[in-house]
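A closer look at the structure
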There are 2 protein chains.
Amino acid sequence: MNSTEEHMSRIENSPRIAIYGLGAMGLEILRILHGRGANIVAGIVRPGSDKDGQDLGRLAGVAGLAFPARGDAEQALREAAPDMVVVTVSTYLDDVQYEIFSTVVKSGANVITLAEEMLYPFATDNPRARDLDALAKRHQVTVTGTGHQDAYWVNLISVLAGSSHDLGSVTGRLSWNVDDFGPALAEQQRVNATAEEFAEWQTAAERPPTFTYYSLYALAAAIGLTPHGTVETTTEPVIALGDTHSAALGATVPQGRLLGYTDTDILHTAEGVTLSISSQGTVYGEGERDYNEWHLADASGAPTLHLRNSDLNTAHTTCATLINRIPDVIDARPGIVTVDQLPQLRYRSAHRSV
Amino acid sequence: MNSTEEHMSRIENSPRIAIYGLGAMGLEILRILHGRGANIVAGIVRPGSDKDGQDLGRLAGVAGLAFPARGDAEQALREAAPDMVVVTVSTYLDDVQYEIFSTVVKSGANVITLAEEMLYPFATDNPRARDLDALAKRHQVTVTGTGHQDAYWVNLISVLAGSSHDLGSVTGRLSWNVDDFGPALAEQQRVNATAEEFAEWQTAAERPPTFTYYSLYALAAAIGLTPHGTVETTTEPVIALGDTHSAALGATVPQGRLLGYTDTDILHTAEGVTLSISSQGTVYGEGERDYNEWHLADASGAPTLHLRNSDLNTAHTTCATLINRIPDVIDARPGIVTVDQLPQLRYRSAHRSV
């Protein structure tokens, strides 16, 4: 074993991990990693946020992490020298997110993130993706976006398609409960709007790409298909069939008003296979649960394969998938590496085998 | 590109394929490959079988394969010089199957097979597996077992487990219809036996490992778990709750008699994760359909993840998975390579991208 291999082996056995962003997901990842005996070396927050300077263990509700969350990212990274930084800050690769990633990359650490756009940042011609890729290569580190979608919208579905020989379409439907989030998301999903208000909003709104937008490009890459054109998104309101209480809103949505809406993304491919994903975000009625459901059909349109995941706990799968991906990202080539290029996602036992 | 790379590139673009075994699965694979424009160079059958010498295209019901099925395997392989031989003859790595594989391997061709034991031939200490591995390495070819189980009992499940962080158990249940097969299988599943006859048979019978036995070892390997002990199998009768017609038997099974039985295999692992798979083979009543269902639970036993594939067409998934694996097996290192060591299963488009 030469010194580089020795260094890699040390990293793989116990990488030095920092968490950048200590919201619900960041703290949950921190708790799980700490419970697995991971080597947590820093927690980083926005400078001046109310968590800046607070005890990391207290924030996460665990014993034994008695050091403060840091608002001074650059200095904290220099002092802690993490091998891997988990970034759970926001969705899009905008200027703020770019600044965060580039600070981490320049410190010489790898990045693993839940930012949805990072699942396939080359989907749009976002110049920040090219710049970040070049920067990561220069600093010999890897940047990867993962999370729930890595498993449930990309790689499970690609394996499923691998049991098909004449693919025509791949159609995903997923459902999430607005009430699992807060009033901001209820507002964003137009809960309680009238059909007229929704139509007006739809005409006027300049919406960013959906959370699912990037996953169709990652899915195409995983399946080995070539996008033909770009993702088209359509949006349909979901109307309350009866009065429905919304916890997020703290009010009852009367019959006839919006419980939320469904976004449908469609991507055509040069091979003639159509990929689509519909994401329904609504206030749930009695007995409704999250699901992830995919139908495959052959080139004639006849249904062939069907997969359904019920009773999903998306917070659990998001955090677990990210944690299981850490060794893959450490081993990956430098640059932005999307999940279709990583080895097959798999479980990582925290227990040593005997 | 050096000459080896050139040779590999030619093979990957259009490998010369032979089919060894022209039963239902072999002929279906032949039809699909031919429909995709694959380069079929030979069809091989048992010498003296009623298909020996028959026109391959006529046997498969396709135009343009006007050469005879061959009973003289060695000479046929020498003349046709396939890169890859699809072997669909039988389940176990017994002396007959070993002879077939070694004939192919000695001819310098790779082997891809549906033989269930080949999914993980190192599961038992079958000395033929070690011999075949050595022989394949000597001849610089790869031998791999795949099929429906590659996707539905191994790799989909391993990806699913990759979205979990504290795995305790992985439990599969699958159901298949005796009436989809023939009277021989109905007899083997003890259809129409009384409970007493079944109990007697169970005491006396020397049964070979179940079809699912090998998949638990492949699943453990794919998940990264270490088997602790060997697979234990238990068998439970399934009793008719009402009179049920069996097409395979050509008779009605009266209430109280056996519709079939369920085999349950369990494998414990050093990491404390229990893997199990229950396979129910019965005569179906009204509305019953094949399914493949998996439940994951955490170390405390609490359910975490659930996946269900409904309305499965196992013949379709078996053939398609094998076909999609051909490039992986051509690219793999020499020797017996099990599916947990191959790249992630994926769809292979027969259409060129534009």
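Residues numbered from 1 in each chain as written. Chains lettered and ligands numbered in written order. Predicted model: local features only at pLDDT ≥ 70, side-chain atom pairs only at ≥ 80, totals over all residues.

Note on helix geometry: an α-helix contains 3.6 residues per turn, so any two residues three or four positions apart are oriented the same way. Residues and elements named next belong to chain A. Within helix α4 (residues 73-80), burial applies to A73, A76, L77 and A80. The buried residues of α4 occupy one face: seen down the axis, they fall within an arc of 100°. Opposite the buried face of α4, at more than 90 degrees from it, the exposed residues are Q75, R78 and E79. Buried-residue contacts for α4 involve β1 (16-20), β2 (39-44) and α5 (95-106). In the stretch just after α4, A81 is the one whose phi turns positive, near 45°. (Buried ≥ 20, exposed ≤ 12 C-beta atoms within 10 Å, placed from the backbone. Helix = DSSP H or I, 4+ residues; strand = E, 2+ residues; numbered from the N terminus. Arc of directions from axis to C-beta. Contact = placed C-beta atoms within 7 Å.)

Residues and elements named next belong to chain B. Ordered by their spatial adjacency, 6 strands build an open sheet running β2-β1-β3-β4-β5-β14, and the pairing between neighbours is parallel. At either margin of the open sheet sits one strand with a lone partner, and together these are β2 (39-44) and β14 (335-336). Note that strand β1 (residues 16-20) and strand β3 (residues 84-87) share 4 bridges and pair parallel. When the sheet's bridge partners are listed, A18 is paired in β3 with V85. (Pairing = 2+ DSSP bridges.)

Looking now at the domain arrangement of chain A. Residues and elements named next belong to chain A. Domains assigned within chain A are domain 1 (3-145 + 316-341) and domain 2 (149-311). Computed over C-alpha atoms, the centres of domain 1 and domain 2 are 28 Å apart. Listed as interface residues are 14 residues of domain 1 and, on the opposing side, 16 residues of domain 2. Of the residues belonging to the side of domain 1 that touches domain 2, the class tally is 5 nonpolar, 5 polar and 4 charged. (Domains from an automatic or database assignment. Nonpolar A, V, L, I, M, F, W, Y, C, P; charged D, E, K, R; others polar.)

As a further point, take the pairing of strand β5 (residues 142-145) of chain B. Residues and elements named next belong to chain B. Side chains of β5 alternate between two faces, with T142 and T144 and V143 and G145 buried alike. For strand β4 (residues 110-113) and β5, the ladder comprises 3 bridges, and the chain directions are parallel. Bridged to I112 within β5 is T144. For the handedness criterion, the β-α-β arrangement of β4, helix α6 (residues 127-138) and β5 is classed as right-handed. Here β5 runs beside β14; their pairing, made up of 2 bridges, is parallel. Bridge pairing links T142 to G335 in β14. (Right-handed = clockwise from strand over helix to strand, strands pointing away.)

So, about the relation of the copies chain A and chain B. Each copy of the sequence occupies a distinct position, and chain A is placed on chain B by a rotation of 180° and an axial shift of 0.0 Å, giving an RMSD of 0.0 Å. Given the turn and translation reported, the copies of this chain are related as if by a two-fold rotation axis. The fraction of interface residues of chain A whose copies in chain B are also interface residues reaches 100%, indicating that both copies meet through the same surface. (Least-squares fit on C-alpha atoms with pLDDT ≥ 70 in both.)

With 45 residues of chain A in contact, the opposing surface of chain B contributes 45 residues. Tallied by class, residues from the side of chain A that touches chain B come to 19 nonpolar, 21 polar and 5 charged.

Attention now moves to the environment of T230 of chain B. Checked against the element boundaries, T230 of chain B lands in strand β7 (residues 227-239). Considering only alpha carbons, one finds T230 of chain B and E28 of chain B, 202 residues apart in sequence, at a separation of 35 Å.

This next bit is on the environment of A184 of chain B. All names here are of chain B. Mapped onto the elements of the fold, A184 is located in helix α8 (residues 183-188). C-beta crowding within 10 Å serves as the criterion here: with 9 such atoms nearby, A184 is assigned to the exposed category. Each C-alpha atom of the pair A184 and R325 lies 30 Å from the other, and the pair is 141 residues apart in sequence.

A few words now on the packing of helix α7 (residues 148-161) of chain A against helix α7 (residues 148-161) of chain B. The N-to-C vectors of α7 of chain A and α7 of chain B enclose an angle of 165°; their axes lie 10 Å apart at closest approach. Comparing the axis directions of α7 of chain A and α7 of chain B gives the class roughly antiparallel. In this structure, α7 of chain A crosses over α7 of chain B, and the sense of that crossing is right-handed. Residues A151, N155, L156, V159 and L160 of chain A of α7 of chain A touch α7 of chain B, and the partners they reach there are A151, N155, L156, V159 and L160 of chain B. Residues that form the contact of α7 of chain A with α7 of chain B fall into these classes: 8 nonpolar, 2 polar and no charged. (Axes fitted to C-alpha atoms, helices over the stretch in contact; angles between N-to-C directions. Parallel < 35°, antiparallel > 145°, perpendicular 65-115°, else oblique. Left-handed = near helix turned anticlockwise from the far one by under 90°.)

So, on to the sheet that holds strand β11 (residues 274-282) of chain B. The strands that make up a sheet are held in pairs by hydrogen bonds between backbone atoms, and each pair lies either parallel or antiparallel. Ordered by their spatial adjacency, 12 strands build an open sheet running β7(A)-β10(A)-β11(A)-β6(A)-β12(A)-β13(A)-β13(B)-β12(B)-β6(B)-β11(B)-β10(B)-β7(B), and the pairing between neighbours is mixed. Since the sheet does not close on itself, it has two edges, and those belong to β7 (227-239) of chain A together with β7 of chain B, each with one partner. Put simply, the sheet's adjacent strands are angled 10° from each other on average, direction ignored. With 7 bridges connecting them, strand β12 (residues 291-298) of chain A and strand β13 (residues 303-310) of chain A associate as antiparallel partners. Within the sheet, the bridge partner assigned to E293 of chain A lies in β13 of chain A and is R308 of chain A.

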